[in-house]
Amino acid sequence: MTSASTRPVRIGLQLQPQHADYKSIRETAARAEDLGVDIIFNWDHFYPLRGEPEGKHFECWTMLGAWAESTSRVEIGALVTCNSYRNPELLADMARTVDNISDGRLILGIGAGWFEKDYTEYGYEFGTAGSRLADLAEALPRIESRLAKLNPPPTRHIPVLIGGGGEKKTLKLVAQHADIWHGFGKPDVVERKVGILKQHCADVGRDAGEIEISTGVEGDPGELGPKLRDLGVSLFTVGVSGPDHDLEPLKKWIGWRDAHNS
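Residues numbered from 1 in each chain as written. Predicted model: local features only at pLDDT ≥ 70, side-chain atom pairs only at ≥ 80, totals over all residues. Heavy atoms only, no water.

Q: Outline the overall build of the protein chain, listing residues and values.
A: Of the regular secondary structure elements, the protein chain holds nine helices and nine strands. Taking 18 Å as the expected radius of gyration for a compact globule of 262 residues, we find that the protein chain reaches 17 Å, a close match to that expectation. C-alpha atoms of the protein chain, sized along the principal axes, occupy 45 × 45 × 35 Å. At a minimum sequence separation of 6, the contacts of the protein chain that also span at least 24 residues come to 74%. On the protein chain, roughly 11,900 Å² of surface is accessible, and the fraction owed to carbon and sulfur atoms is 52%. Here the protein chain contributes 30 positively and 38 negatively charged side chains, and the mean placements of these two sets differ by 2 Å. (Helix = DSSP H or I, 4+ residues; strand = E, 2+ residues; numbered from the N terminus. Rg over C-alpha atoms; globule rule 2.2 N^0.38 Å. Contact = heavy atoms within 4.5 Å. Areas by Shrake-Rupley, 256 points an atom, 1.4 Å probe, with all protein chains shown as cover. Lys, Arg positive; Asp, Glu negative; His and termini not counted. Charge placed at Lys NZ, Arg CZ, Asp CG, Glu CD.)

Q: Lay out the packing of aromatic side chains in plain terms, naming residues and giving numbers.
A: Tallied over the entire structure, the rule returns 12 aromatic pairs. When the centroid spacing of 4.9 Å and the interplanar angle of 35° are considered together, the rings of Y85 and Y124 count as tilted. On the criterion of sequence distance, the pair formed by Y85 in the loop between β4 (81-82) and α3 (88-101) and Y124 in the loop between α4 (116-122) and α5 (129-149) is long-range, its members being 39 residues apart. With 5.6 Å between their ring centres and 80° between their planes, W253 and W256 make a pair best called edge-to-face. (Phe/Tyr/Trp six-rings, centres within 6.5 Å; stacked < 30°, edge-to-face > 60°.)

Q: Quick rundown of the environment of S241? Include the residues and the values.
A: Position of S241 relative to the elements: it lies in strand β9 (residues 233-241). Exposure remark for S241: the relative accessible area of 22% places this residue in the partly exposed category. Put simply, S241 and S84 are 157 residues apart on the chain and 24 Å apart in space, counted from C-alpha to C-alpha. Look past the residues within four positions of S241 in its chain and what remains in contact with it is Q16, Q18 and H19. Side chain to side chain, S241 and Q18 meet in a polar contact 3.0 Å long. (Buried < 20%, exposed > 50% of the residue type's maximum accessible area, 1.4 Å probe, protein only. Polar contact = N/O pair within 3.5 Å; in protein donor to acceptor, adjacent residues only side chain to side chain.)

Q: Talk me through the side chain of K193; I want residue IDs and the actual numbers.
A: In this structure, K193 sits in helix α7 (residues 187-204). Among all residues touching K193, those that are not within four sequence positions of it are G165, E167, L171 and W181.

Q: Can you lay out unusual backbone geometry for me, pointing to particular residues and giving the numbers?
A: Following L79, the chain continues to V80 via a peptide bond in cis, the omega torsion being -5°. Among the structural elements, V80 can be located in the loop between β3 (75-78) and β4. The linkage connecting G242 with the following residue, P243, adopts the cis geometry, with an omega of 5°. Relative to the elements of secondary structure, P243 occurs in the loop between β9 and α9 (248-261). Located in the positive-phi region is H19, a residue other than glycine, with phi close to 60°.

Q: So what's going on with the pattern of salt bridges? Which residues, and what values?
A: Applying the stated rule across the entire model yields 16 salt bridges. With its nearest N and O atoms 2.8 Å apart, the salt bridge here joins R10 to E212. Placement of R10 in strand β1 (residues 10-16) and of E212 in strand β8 (residues 212-217) is noted, with a sequence separation of 202 residues between them. Of the residues examined, R10 reaches a relative accessible area of 17% and is grouped as buried. According to the relative accessible area criterion, E212 is buried, its value standing at 6%. (Salt bridge = Lys/Arg side-chain N within 4 Å of Asp/Glu carboxyl O.)

Geometry only, nothing functional implied.
Right under this line is the structure:
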């Protein structure tokens, strides 16, 4: 049985699709794959989150379809898809399609959404944090149902990653639906969230060890990595933005992974 202590360390790259031409993004994905990264994520926004607010930016899922063809080994996915932007059945079909194009390398990352500019500029109702979480709770079973009906089906059970740290609602959805939970924060924050997630899993009768724990990381892997690993984290994701796409931090985390897993 897989558990937090037996899962190998994996390293992800969030290749943020902002402030760069697509050629540079594609080349960076290829370099990261050559370096040995396990997963390459993008994100699901319509505008940059940092730097020039109206800077260069590209859409998430069309990019994932391109990555499915331009990469050959790494898993790919969004960190994370905004549930508000697509009908759940459509999203399931998109995920199934990218899964097939990639020969079974897609991770379906999803969250409730939060970046108000995306909503207002593209005509979506922003609502409240509560209403967006309620929409996500409704969408997840619909996505699961549609995935089971599609012909041809996905090549495998597509891992569902839910991002977010809300202790009452989001982590409950993780316990009910996710294969991977992605959170943020220093080790003390991660420790608290993992404890709450375990309680939600107990409440719904699920083994918490079935859920892979993921977090975004910065800084020295030799210092931070062991602390997070002791808390059950096995997926460590480094973020990189354009236009420069500096992969030196990623190289350090890959080196730490290799030493840890050897």
